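Observations on the model geometry
Below, each chain spelled out in residue letters.
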2 protein chains.
Amino acid sequence: MTTSSPVGLPGLPARVEVYEVGPRDGLQNEKAVVPVEVKAEFVQRLLAAGLTTVELTSFVPARWVPQLADAEELLALLGDLPGRHPVLVPTEKGLARALEAGVREIAVFASATETFAQKNLNRTVAASLDMFEPVVRRARDEGLAVRGYVSMCFGDPWEGEVPLTQVADVAVRLHEMGCTEVSLGDTIGVGTPGQVKALVELLPSRGLPVGALAVHFHDTYGQALANTLVALQCGVSTVDASAGGLGGCPYAGSATGNLATEDLVWQLHGLGIETGVDLASLVRTSTWMAEQLGRPSPSRTVAALAG
Amino acid sequence: MTTSSPVGLPGLPARVEVYEVGPRDGLQNEKAVVPVEVKAEFVQRLLAAGLTTVELTSFVPARWVPQLADAEELLALLGDLPGRHPVLVPTEKGLARALEAGVREIAVFASATETFAQKNLNRTVAASLDMFEPVVRRARDEGLAVRGYVSMCFGDPWEGEVPLTQVADVAVRLHEMGCTEVSLGDTIGVGTPGQVKALVELLPSRGLPVGALAVHFHDTYGQALANTLVALQCGVSTVDASAGGLGGCPYAGSATGNLATEDLVWQLHGLGIETGVDLASLVRTSTWMAEQLGRPSPSRTVAALAG
């Protein structure tokens, strides 16, 4: 059964760009290494379901993320694709590999907190931004779009609540160094709508326009869609999600992580917002991927519709 | 880890009454019949966790709902309790039993759609309202408060989307016959925030004030908390939820049903809204209850915090 809303809410965009992170953020956090042919089929199915923006993989040293060590092979298998297909690139070496593979958009992954910067990147927040700066500059010089992620925006498992100004400093720095889009990530899913509104409204006053923002919520505490709604009402129109709810944060202490693309699309379509996504096709894709991984999808909507 | 929001959203209430439905709506939909001593301990633990409004059971014929056939025994075990403790009562016979047991508040359960009225009550919507009318009148004459549930407010598995005016007709009739509170239920969880806003804003124009409304969302498609947020912004301040996400609708085609009280409380406390609930104590209660039932809680927050 599907439903469509006869009415909307004020201040919502007519269309939302769903930024699909499943193949990268999802599969990177799976214990199993998925065969490259399965990854390629996953991406092709996501595109066939109407997603136009799919983050494909990471160009990181294989010892950091063995799950994504096949980046070149995956891109070669996929060939030319329509739409936006960023890859995560932490270093200049990774950028060189990505350029060689024909990538047209990259993403860098920063942290708003010192503890997570140390754990994830083995350096301070400032040092990690210094590491990204030449990567972003060269990518822009090569004509690439660059997304900057800010992780741990609303809370950190070690530091607790994160001051908004600390998050804003990192987001603004990424924008100033040349990032064309900045994605605000609630990596452990603790944030609630008041915090989202405060952060999204603070950034334009610091020179980072709302049109350059994306939001990346986790459903660890079930808050992702309420947070999304508020972000949309504040003018954000790019929302990250992971097909079937794949992946998450290994530090979040829960099986649930990324907002499921299906749950997001159910909300957006219910609100009368266009996404271009065929929900039934997406549910079939996530059900198929869950079979490949040997465990059920944590997406509420997949569970409800796949039966 | 807990987090508190330094900021709120406009239009939110300072305090929300969490209307706990786990012992009735939750356990009624469990396959296993829970021993009455376990039910009593469940209720006592919920009260100890700070919940002040707990729907206890149903006074229905045992052949309808064998899971709740021990209503008299449960109330006798519990004795006098502080706060609001409604019981579900469909008929005059049930009301007589409830009065005999010392109940001070009842609830009647109506449907917004004909198909569900037939399946759940074996009569038309109009005939079920006619059945409730003398029950509500007598209960009010006896000085009891009466809650009226409207189920299938935003969608029905057989009829699809439900016209708002059809829902409003049932809600207004319940209020006019004497219900002191009307709970708007999204029994299969398909609704999205635009529909919620439209319905909650329509009812006051039909003579049913927002202060007499409660909302009852299901998380079948992950939409419950976004819907809750919008309802709060429209002036609703009573929200139904089920500890640990117990129960749901057997027709919804999914394992997930009722909004979990823990997920709701996480949102409310994050927004700076008082509930009186001690979340850690509630999570321990739901974890204990999940052990009694032999399956994990579907609540995101319980999964994140219980580990």
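Please read these numbers as outputs of a predicted model, since none were measured by experiment.

Once that is clear, we can look at the sheet that holds strand 4 (residues 105-111) of chain B. All names here are of chain B. An order of 2-1-8-7-6-5-4-3 is seen for the eight strands of this open sheet, with the pairing classed as parallel. Sheet topology places strand 2 (53-54) and strand 3 (87-88) at the edges, where each strand pairs with a single neighbour. Looking at chain direction, strand 7 (residues 213-217) and strand 8 (residues 238-241) are connected through two bridges and run parallel. For V215, the partnering residue across the bridge sits in strand 8 and is V239. Of the strands in this sheet, strand 4 and strand 5 (145-151) are in contact with helix 6 (residues 125-141), which crosses strand 4 at around 170 degrees.

So, on to the packing of helix 10 (residues 261-270) of chain B against helix 11 (residues 279-293) of chain B. Residue and element names in this part refer to chain B. Where helix 10 contacts helix 11, the axes come no closer than 10 Å and their chain directions differ by 170 degrees. Taken together, the axes of helix 10 and helix 11 are roughly antiparallel relative to one another. Contacts between helix 10 and helix 11 involve T261, E262, V265, W266 and H269 from the former and L279, L282, V283 and S286 from the latter. Residue composition of the contact of helix 10 with helix 11, by class: five nonpolar, three polar and one charged.

Moving on, we come to the pairing of strand 6 (residues 181-186) of chain A. Residue and element names in this part refer to chain A. In terms of burial, strand 6 is largely enclosed, as six of its six residues are buried. Across four bridges, the pairing between strand 5 (residues 145-151) and strand 6 is parallel. Across the sheet, the residue bridging to V150 is L184, located in strand 6. Regarding the hand of the β-α-β motif, the stretch spanning strand 5, helix 7 (residues 164-176) and strand 6 is right-handed. Inspection of the sheet shows strand 6 paired to strand 7 (residues 213-217) by five bridges, in the parallel sense. Among the inter-strand pairings, L184 is bridged to a residue of strand 7, identified as V215. As for the winding sense of the linkage, the β-α-β connection from strand 6 through helix 8 (residues 193-205) to strand 7 is right-handed.

Residues and elements named next belong to chain A. Taking 1.5 Å of rise per residue, the 13 residues of helix 7 would be expected to cover 18 Å, and the 18 Å separating its terminal C-alpha atoms lies within 8% of that figure. Those residues of helix 7 lying buried are V167, A168, V170, A171, R173, L174 and H175. Here the buried face of helix 7 lies against strand 4 (105-111), helix 6 (125-141), strand 5, strand 6 and helix 8. Following helix 7 by one or two positions, G178 adopts a phi angle in the positive range, close to 125 degrees.

Let us now look at the nonpolar core. Core analysis: the largest hydrophobic core is formed by 199 residues, its most contacted members being A:V150 and B:V150. For B:V150, the contacting residues outside a window of four places in its chain are B:A110, B:A112, B:V167, B:V170, B:A171, B:L174, B:V182, B:L184 and B:G185.

Here the focus is helix 11 (residues 279-293) of chain A. All names here are of chain A. Between its first and last C-alpha, helix 11 extends 21 Å over 15 residues, near the 21 Å set by a 1.5 Å rise per residue. Within helix 11, burial applies to L279, L282, V283, T285, S286, M289 and A290. Here the buried residues of helix 11 occupy an arc of 160 degrees about the axis, which is enough to place them on one side. Pointing more than 90 degrees away from the buried face of helix 11 are the exposed residues A280 and E291. Phi turns positive one or two residues past the end of helix 11, at G294, with a value near 75 degrees.

All right, on to the packing of helix 2 (residues 36-48) of chain B against helix 3 (residues 71-78) of chain B then. Two packed helices can be described by the angle between their axes and the distance between those axes. Residues and elements named next belong to chain B. Here helix 2 crosses helix 3 at 50 degrees, and the two axes come no closer than 9 Å. Classed by the angle they form, the pair helix 2 and helix 3 counts as oblique. In this structure, helix 2 crosses over helix 3, and the sense of that crossing is right-handed. Contacts between helix 2 and helix 3 involve V36, K39, A40 and V43 from the first element and E73, L74, L77 and L78 from the second. Class assignment for the residues of the contact of helix 2 with helix 3 results in six nonpolar, no polar and two charged.

Here the focus is the confidence of the model for chain A. Residues of chain A with pLDDT of at least 70 account for 94%, and the chain-wide mean is 93. This complex was scored by the predictor with a pTM of 0.94 and an ipTM of 0.93.

A few words now on the environment of B:A214. Residue and element names in this part refer to chain B. Relative to the elements of secondary structure, A214 occurs in strand 7. Sequence separation of A214 and S183 is 31 residues, and the distance between their C-alpha atoms is 4.3 Å. Residues within four places of A214 in sequence aside, it is in contact with Y19, E181, S183, V236, T238, V239 and D240.

About the cut-offs
- Residues numbered from 1 in each chain as written.
- Chains lettered and ligands numbered in written order.
- Predicted model: local features only at pLDDT ≥ 70, side-chain atom pairs only at ≥ 80, totals over all residues.
- Pairing = 2+ DSSP bridges.
- Helix = DSSP H or I, 4+ residues; strand = E, 2+ residues; numbered from the N terminus.
- Contact = placed C-beta atoms within 7 Å.
- Axes fitted to C-alpha atoms, helices over the stretch in contact; angles between N-to-C directions.
- Parallel < 35°, antiparallel > 145°, perpendicular 65-115°, else oblique.
- Nonpolar A, V, L, I, M, F, W, Y, C, P; charged D, E, K, R; others polar.
- Buried ≥ 20, exposed ≤ 12 C-beta atoms within 10 Å, placed from the backbone.
- Right-handed = clockwise from strand over helix to strand, strands pointing away.
- Expected span 1.5 Å × (residues − 1).
- Core = buried A, V, L, I, M, F, W, Y, C linked by C-beta atoms within 7 Å.
- Arc of directions from axis to C-beta.
- Left-handed = near helix turned anticlockwise from the far one by under 90°.
- pLDDT = per-residue confidence, 0-100.

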